[in-house]
Amino acid sequence: MKKTLLTLTLLTLAVSSLFAQYKPEEGTYGITFGITGLNTVALTPLSSGTVGFRYAMANNIWARVNLNLTSTSANNENTVGGVLNSTKTTGMNYALSIGAQKNFGGTDRLNPYLGLDLSIGNVGGGKTVTRSEVVNADSTLITDDANGDFYQITSKNASGLSIGLTPVVGFQYFFAKNFAVGGEFGWGFSTSSTKGGETTTEGTGITTTTIKNESKSSSGGFGTSGSGNITITVFF
């Protein structure tokens with residue numbers, strides 16, 4: 001009797017797994033993480049995004065929002081002849097996209113889709129500070145140097161806005177209920193424009209001057225984005 005019950009239980013579990021609902025139901029929210037895969041994922045408004053949100057609607061359509069942030073920070077230093085030389089670069093960029101995707105039949109676990117994203121983000125920006133400061137006056141070649149004397153150039157890069165419209169194609173494979181790993185590829189149009197930027201020179205014993213860059217530039221065209229991007233999606 002016990003063996004019979006055990007056999008029936010295992011059979012029930014096996015049959016249930018065949019008909020398990022792996023894909024999210026209508027009205028379910030999800031979060032998607034973008035991971036650099038076969039190719040480097042550049043941070044542009046056309047990128048698939050590093051963090052995304054999904055909402056499963058009717059007729060196998062998902063609403064999608066992607067947010068991509070990147071921070072740049074680098075600092076190089078060396079001391080030569082009593083002078084500390086340093087170069088520090090900082091910057092922050094973002095990209096936000098809103099769109100939808102249409103999911104096709106696939107299988108119980110496989111979810112192929114096509115989508116379209118409208119995106120906006122900033123381009124350029126950031127600054128680089130190059131500084132030379134006397135830290136050991138006894139070791140310098142100039143006799144009237146004093147500790148703390150410095151010469152510094154601060155360069156602020158031109159910045160602007162980028163807008164993109166990107167069709168995407170991708171797939172997701174649900175390894176468990178509401179948990180999928182997949183990939184996405186995009187090819188779309190983007191346009192961007194930048195302006196501004198300035199260079200400031202200052203130091204000990206000199207007058208601080210700032211030169212502003214009043215020129216503007218723009219660019220646009222088709223290009224790949226998020227090529228080879230791997231995604232992990234979890235629905236709740």
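It should be emphasised that the depicted structure is a prediction, and the values quoted were computed from it without experimental measurement.

The rules behind these values
Residues numbered from 1 in each chain as written. Predicted model: local features only at pLDDT ≥ 70, side-chain atom pairs only at ≥ 80, totals over all residues. Heavy atoms only, no water. Helix = DSSP H or I, 4+ residues; strand = E, 2+ residues; numbered from the N terminus. Buried < 20%, exposed > 50% of the residue type's maximum accessible area, 1.4 Å probe, protein only. Contact = heavy atoms within 4.5 Å. Areas by Shrake-Rupley, 256 points an atom, 1.4 Å probe, with all protein chains shown as cover. Pairing = 2+ DSSP bridges. pLDDT = per-residue confidence, 0-100. Polar contact = N/O pair within 3.5 Å; in protein donor to acceptor, adjacent residues only side chain to side chain. Salt bridge = Lys/Arg side-chain N within 4 Å of Asp/Glu carboxyl O. Core = buried A, V, L, I, M, F, W, Y, C linked by side-chain atoms within 4.5 Å. Phe/Tyr/Trp six-rings, centres within 6.5 Å; stacked < 30°, edge-to-face > 60°. Lys NZ or Arg CZ within 6 Å of the ring centre and 35° of its normal.

### Describing the overall build of the chain
Logical step 1: Scanning the chain from N- to C-terminus turns up 1 helix and 12 strands.
Logical step 2: If you list the helices and strands of the chain from N to C, you get α-β-β-β-β-β-β-β-β-β-β-β-β.
Logical step 3: In the chain, buried positions account for 30% of the 236 residues.
Logical step 4: In the chain, once contacts between residues fewer than 6 apart in sequence are set aside, the share between residues at least 24 apart is 67%.
Logical step 5: In the form shown here, the chain has an accessible surface area of approximately 14000 Å², with 62% of it arising from carbon and sulfur atoms.

### Let's talk about the pairing of strand β4 (residues 83-103)
Logical step 1: Of the pairings in the sheet, the one linking strand β3 (residues 61-80) to β4 comprises 20 bridges and is antiparallel in character. When the sheet's bridge partners are listed, S73 is paired in β4 with T90.
Logical step 2: Linkage of β3 to β4, two consecutive antiparallel strands, is achieved through a turn of 2 residues, within which G81 is found at a positive phi near 55 degrees.
Logical step 3: Note: β4 against strand β6 (residues 127-134), 8 bridges, orientation antiparallel. Note on β6: the bridge partner recorded for T90 is K127.

### Structural notes on the confidence of the model for the chain
Logical step 1: For the chain, per-residue confidence averages 83 on the pLDDT scale, and residues scoring 70 or more make up 82% of the total.
Logical step 2: In this model residues 4-19 is a low-confidence stretch, pLDDT under 50, and it forms 2 contacts with partners more than four residues away in sequence or in other chains.

### Side note on the side chain of T200
Logical step 1: Along the chain, T200 falls in strand β10 (residues 198-203).
Logical step 2: Under the relative-accessibility criterion, T200 is labelled buried at 14%.
Logical step 3: Reaching out from T200, the side chain makes a polar contact with the side chain of T210 at a distance of 3.1 Å.
Logical step 4: The contact partners of T200, leaving out residues within four places of it in the chain, are Q152, I153, T154, T208, T209 and T210.

### As for the environment of G82
Logical step 1: You can see G82 is positioned in the loop between β3 and β4.
Logical step 2: For G82, a relative accessible area of 9% gives the class buried.
Logical step 3: Once the C-alpha coordinates of G82 and V134 are considered, the two residues, 52 residues apart in sequence, prove to be 6.0 Å apart.
Logical step 4: Setting aside residues up to four positions removed in sequence, G82 forms contacts with E133, V134, V135, N136, S139 and T140.

### Points about the pattern of salt bridges
Logical step 1: Per the counting criterion, the structure on display carries 5 salt bridges.
Logical step 2: Two residues, D117 and R64, come together in a salt bridge whose shortest N-O distance is 2.9 Å. In this pair, D117 is assigned in strand β5 (residues 110-124) and R64 in strand β3, connecting sequence segments 53 residues apart. As far as burial versus exposure is concerned, D117 and R64 are alike and both buried.
Logical step 3: The shortest N-O distance in the salt bridge between R64 and E184 comes to 3.0 Å. One end of the pair, R64, is in strand β3; the other, E184, is in strand β9 (residues 179-195), with 120 residues separating them in the sequence.

### Section: unusual backbone geometry
Logical step 1: A positive phi angle is found at N59, which is not glycine, with a value near 60 degrees.
Logical step 2: The exposure class of N59 is exposed, given its relative accessible area of 60%.
Logical step 3: Phi angles above zero are rare outside glycine, and N60 is one such case at about 60 degrees.
Logical step 4: Within the secondary structure layout, N60 lies in the loop between β2 (51-56) and β3.

### Focus: the nonpolar core
Logical step 1: One finds Y22, A56, W62, F174, A180 and F235 forming the largest nonpolar core, which totals 6 residues.
Logical step 2: Once residues lying within four places of it in the same chain are set aside, the contact partners of A56 are E25, E26, G27, T28, I61 and W62.

### Focus: the packing of aromatic side chains
Logical step 1: For the structure on display, the rule yields 3 aromatic pairs.
Logical step 2: Relative to F175, the ring of Y173 has its centre 5.0 Å away and its plane inclined at 70 degrees; by these criteria the two rings are edge-to-face.
Logical step 3: One residue, R109, lies across the ring of Y22, its end atom 3.8 Å from the ring centre.
Logical step 4: Sitting over the ring of F150, R131 keeps its end group 4.2 Å from the ring centre.

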